[in-house]
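# A structural walkthrough
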Amino acid sequence: MAGSNPTPYYTPTSKPTPTSHHSSLPLKKPNFYSLIAITFLCSAFYFTGLWQSSTTGTGAGSSSVVITTTSLPCFPSKNTSTNPPSSRTTTKKLDFTTHHSAADGGAAVTAPDDAIKIYPVCDIKYSEYTPCEDPERSLKFNRRRLIYRERHCPEKNELLKCRIPAPYGYKNPFKWPVSRDVAWYANVPHKELTVEKAVQNWIRYEGDKFRFPGGGTMFPNGADAYIDDIAKLINLKDGSIRTAIDTGCGVASWGAYLLSRNIIAMSFAPRDSHEAQVQFALERGVPALIGVIASKRLPYPSRAFDMAHCSRCLIPWGEYDGTYLIEVDRVLRPGGFWILSGPPINWKRHWKGWERTREDLYAEQNKIEQVAKRLCWKKFVEKDDIAIWQKPFNHMKCTEFRNRNKNPPMCPAQDPDKAWYTKIETCLTPLPKVASEEEVAGGQLEKWPKRLHVIPPRISRGTVDGVTEEVFQKDSQLWKRRVSYYKSVNNQLDQPGRYRNILDMNAFLGGFAANLVNDPVWVMNIVPLEAKVNTLGAIYERGLIGTYQSWCEAMSTYPRTYDLIHADSVFTLYENRCEMEDIMLELDRILRPEGSVIIRDDVDILIRVKRIADGLNWDSQIVDHEDGPLEREKLFFAVKTYSTAPATQPSKTT
């Protein structure tokens, strides 16, 4: 889990920055001969550098790396490091715009320098490869409780060392919000759901496109109308509900239509017989991950979501001593709502259509009601096909109730946020203690959007190790300046629609995402397993979403998921932990053709990153830190080259 590793966490807010001592020395007026000598030396070094730059890289065993920098006079002024980006002399300008459509096919790519390791394109059979959710590998594991559909990653000697190809005809996705309703068939060439879910109106195939009407098993009038029905039962408009989780999400229409209400849902579904559910969701520009509730905790912190939802998600909530509802309770915020539609809700009306007996459905609902009661939830409302329960705001009364009913027992002392390959326990996660029944356990959250910028309760209460209110405020200002600088280098960040799905590989407090919240994008904030401090709970308290991840393994997502990937000090964090090339190959797998990358790290590390990027055929450039060329930390900007598999390519035998 994040926070368990003793290795220091490398972040811009904690690493030392060089300080200058010259200001404390008495100034001496330079004489005429000294000025001439200094001018001569500066000129000599300058022309020597030019000569070396012109000859470096011409040998067979070398590779040229150019760092975009600022032209400096021999006697820099105090304001040199704050010169605007427009004054910087560039040797190269990256093109961040999109250009390609289906007609561009699988154009040939130009190989970089022969000395650089070239990564070939994988066989077309890997075009949808998800290493840790590989259907073939999963068959080796226990089918009980869907354990075989959990994460099972390849061994080191099984890792692919090639680039996952896009399918022939791949096109840049439609811009949001059009993408919510339409996707290119060539990008996700699967018609299975159009047949299997035709009656339920999930998805339609129309020529070279898929259309998403917003339907679902329990959405006869569409997801928008279904959400309106929920809004009649609980308040979805006042900002008190911001984060949601959708279990067994289908193509994530529920999450897609919540976005217009300023509610962001983490949708997940397993990679199963309903091919490409999560892939369709991501193609639509809706947050989603491959996942399943089985034997392990969901990869989210405790008290993360304001609302949890299941619409005929086929999860046996009352079975296994209520294990799955116990896990929902862990990730649900105090006072949060759990919404259930579909079997067994309103069984008296639907039992014939569900082809089940009255007795069976009554027993199922009774089990759910009993588990909810033991969790101290109250039945908030049940109307027509929707039932809603509410988690208590604290466990003060629950403790008294549990003196009489100890099933499930309260969990012993543990870390409720530990959620990376952590076994689900059949015990109730205790809420933080309160002084009165009116107090909200863990602290009252502000309503959205105010909660984005106020100090998260976990920080104000001192429960995030080493992160104070002052650290939070400084981090917020830091990322405001950094994102502004990013947009000056990559002006496409300021162009609505160029990017939609964004990944922050080392999010810390979510400052990068917070400064993009007014743009038509969403950001998946990652807190690495190896990070010194587990900050994901504070990120959720800001009204943002994210997950845990070790970058020594593949992410639970499909290829071509993200339009832009941001990585702050990730390669320093993983130095001597796993191979840099494997992390870069994973980035290449989950990045869309013509997607962009921004990496911050030490210049020596970025030079190594660039060599691998050249071998991946990315167009890339290292540029100065926003504070100027004297900082060792530099920025790496890259664009993944557009290419697809050929029109016809016979699959190679293995």
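Provided above is the structure to which this section pertains.
The following refers to the structure shown. Source: prediction; values computed, not measured. (Residues numbered from 1 in each chain as written. Predicted model: local features only at pLDDT ≥ 70, side-chain atom pairs only at ≥ 80, totals over all residues. Heavy atoms only, no water.)

It is worth spelling out the pairing of strand 5 (residues 243-247) at this point. Burial within strand 5 is extensive, with five of its five residues counted as buried. Neither face of strand 5 is exposed, since Thr243, Ile245 and Thr247 on one face and Ala244 and Asp246 on the opposite face are all buried. Here strand 5 pairs with strand 6 (residues 264-269) via five bridges, running parallel. Bridge pairing in strand 6 places Ala244 opposite Ala265. (Buried < 20%, exposed > 50% of the residue type's maximum accessible area, 1.4 Å probe, protein only. Helix = DSSP H or I, 4+ residues; strand = E, 2+ residues; numbered from the N terminus. Pairing = 2+ DSSP bridges.)

Quick look at the state of the cysteines now. Enumeration over the complete set of coordinates arrives at six disulfides. Bridging Cys132 to Cys153, the disulfide has an S-S length of 2.0 Å. Sign of the S-S torsion, about 110° for the bond between Cys132 and Cys153, identifies this disulfide as right-handed. With Cys132 in the loop between strand 1 (67-68) and helix 2 (135-138) and Cys153 in the loop between helix 2 and strand 2 (182-184), the pair connects residues that are 21 residues apart, well separated along the chain. You can call Cys153 partly exposed: its relative accessible area is 21%. By sequence order of its bonded cysteines, the protein has the disulfide arrangement 1-4, 2-3, 5-6, 7-8, 9-10, 11-12. (Disulfide = S-S within 2.5 Å.)

The next point concerns the environment of Gln495. Within the secondary structure, Gln495 sits in the loop between helix 12 (469-489) and strand 12 (501-504). Taking the relative accessible area as the measure of exposure, Gln495 reaches 41% and is therefore partly exposed.

Right, let's talk about the sheet that holds strand 7 (residues 288-290) for a bit. The strand order across the open sheet built from seven strands is 7-6-5-8-9-11-10, with neighbouring strands paired in mixed fashion. Where the open sheet ends on each side, the last strands, each with one partner, are strand 7 and strand 10 (378-383). Looking at each pair of strands side by side, their axes are set apart by 20° on average, direction ignored. (Axes fitted to C-alpha atoms, helices over the stretch in contact; angles between N-to-C directions.)

With that settled, the discussion passes to the pattern of salt bridges. All chains considered together, the criterion is met by 44 salt bridges. Residue Arg592 is joined to Glu283 by a salt bridge in which the shortest nitrogen-to-oxygen separation is 3.1 Å. You can see Arg592 sitting in strand 16 (residues 591-602) and its partner Glu283 sitting in helix 6 (residues 277-283), a full 309 residues away along the chain. Here Arg592 falls in the buried class, since its relative accessible area comes to 3%. Overall, Glu283 belongs to the buried group, its relative accessible area being 7%. A salt bridge links Arg482 to Glu633; the shortest N-O distance between them is 3.8 Å. With Arg482 in helix 12 and Glu633 in strand 18 (residues 633-640), the pair connects residues that are 151 residues apart, well separated along the chain. Taking the relative accessible area as the measure of exposure, Glu633 reaches 3% and is therefore buried. (Salt bridge = Lys/Arg side-chain N within 4 Å of Asp/Glu carboxyl O.)

It is worth spelling out unusual backbone geometry at this point. Look at the link from Pro343 to Pro344: it is a cis peptide, with omega at 5°. Cis peptide bonds are those with omega within 30 degrees of zero, and the linkage from Trp448 to Pro449 qualifies with 10°. Its location among the elements puts Pro449 in the loop between helix 10 (396-402) and helix 11 (457-460). Phi at Asn262 is positive, roughly 60°, even though this residue is not glycine.

This brings us to the packing of helix 16 (residues 580-590) against helix 17 (residues 603-615). The contact between helix 16 and helix 17 brings their axes to 10 Å, and the two run at 55°. When the interaxial angle is binned, helix 16 and helix 17 end up oblique. Seen along the crossing, helix 16 lies across helix 17 with a hand that is right-handed. Between helix 16 and helix 17, the residues in contact are Met580, Glu581 and Met584 and Ile605, Arg608, Val609, Ile612 and Ala613, respectively. When grouped by side-chain class, the residues that make up the contact of helix 16 with helix 17 number six nonpolar, no polar and two charged. (Parallel < 35°, antiparallel > 145°, perpendicular 65-115°, else oblique. Left-handed = near helix turned anticlockwise from the far one by under 90°. Contact = heavy atoms within 4.5 Å. Nonpolar A, V, L, I, M, F, W, Y, C, P; charged D, E, K, R; others polar.)

Over its 21 residues, helix 12 runs 31 Å from end to end, which matches the ideal 30 Å to within 8%, given 1.5 Å per residue. Turning to helix 12, its buried residues number three or more, namely Phe472, Asp475, Leu478, Trp479, Arg482, Val483, Tyr485, Tyr486 and Lys487. (Expected span 1.5 Å × (residues − 1).)

It is worth spelling out the nonpolar core at this point. In terms of nonpolar packing, the biggest core is built from 139 residues, with Trp254, Tyr300, Met307, Trp317, Trp338 and Leu503 touching the most fellow members. The element contributing the most residues to this core is helix 16, with six residues. Structurally, this core is a two-domain feature, drawing no fewer than three residues from each of domain 1 (170-432) and domain 2 (457-640). The contact partners of Trp254, leaving out residues within four places of it in the chain, are Phe219, Ala223, Tyr226, Ile227, Ile230, Ala244, Ile245, Asp246, Ala265, Met307 and His309. (Core = buried A, V, L, I, M, F, W, Y, C linked by side-chain atoms within 4.5 Å. Domains from an automatic or database assignment.)

Moving on, we come to the packing of aromatic side chains. The relative placement of two aromatic rings is captured by the distance of their centres and the angle of their planes. Scanning the entire structure with this criterion turns up 23 aromatic pairs. Ring geometry for Trp338 against Trp377: centres 5.8 Å apart, planes inclined by 50°, an arrangement best described as tilted. Separated by 39 residues along the polypeptide, Trp338 in strand 9 (residues 332-341) and Trp377 in the loop between helix 9 (358-374) and strand 10 bring together distant segments of the chain. The two residues Trp338 and Trp377 agree in class, both being buried. Measuring from ring centre to ring centre gives 6.2 Å for Tyr486 and Phe637, while their planes differ by 80°; the resulting arrangement is edge-to-face. A residue pair is termed long-range when its members are at least 10 positions apart, and Tyr486 in helix 12 and Phe637 in strand 18 qualify at 151 residues. (Phe/Tyr/Trp six-rings, centres within 6.5 Å; stacked < 30°, edge-to-face > 60°.)

Before going further, it helps to spend a moment on helix 16. For helix 16, the tally of buried residues reaches 11 of 11 residues, placing the bulk of the element in the interior. Looking at helix 16, one finds that the buried residues are Met580, Glu581, Asp582, Ile583, Met584, Leu585, Glu586, Leu587, Asp588, Arg589 and Ile590.

A word on the sheet that holds strand 2. In space, the three strands of this open sheet follow the order 2-4-3, with antiparallel pairing throughout. In the strand order of this sheet, the two ends are held by strand 2 and strand 3 (204-206), each with one partner. Sheet twist, expressed as the average angle between the axes of neighbouring strands with direction ignored, equals 30°. Pairing of strand 2 with strand 4 (residues 209-211), which is carried by three bridges, proceeds in the antiparallel orientation. Paired with Val182 across the strands is Arg211, a residue of strand 4.

These values are about where atoms sit, not about what they do.
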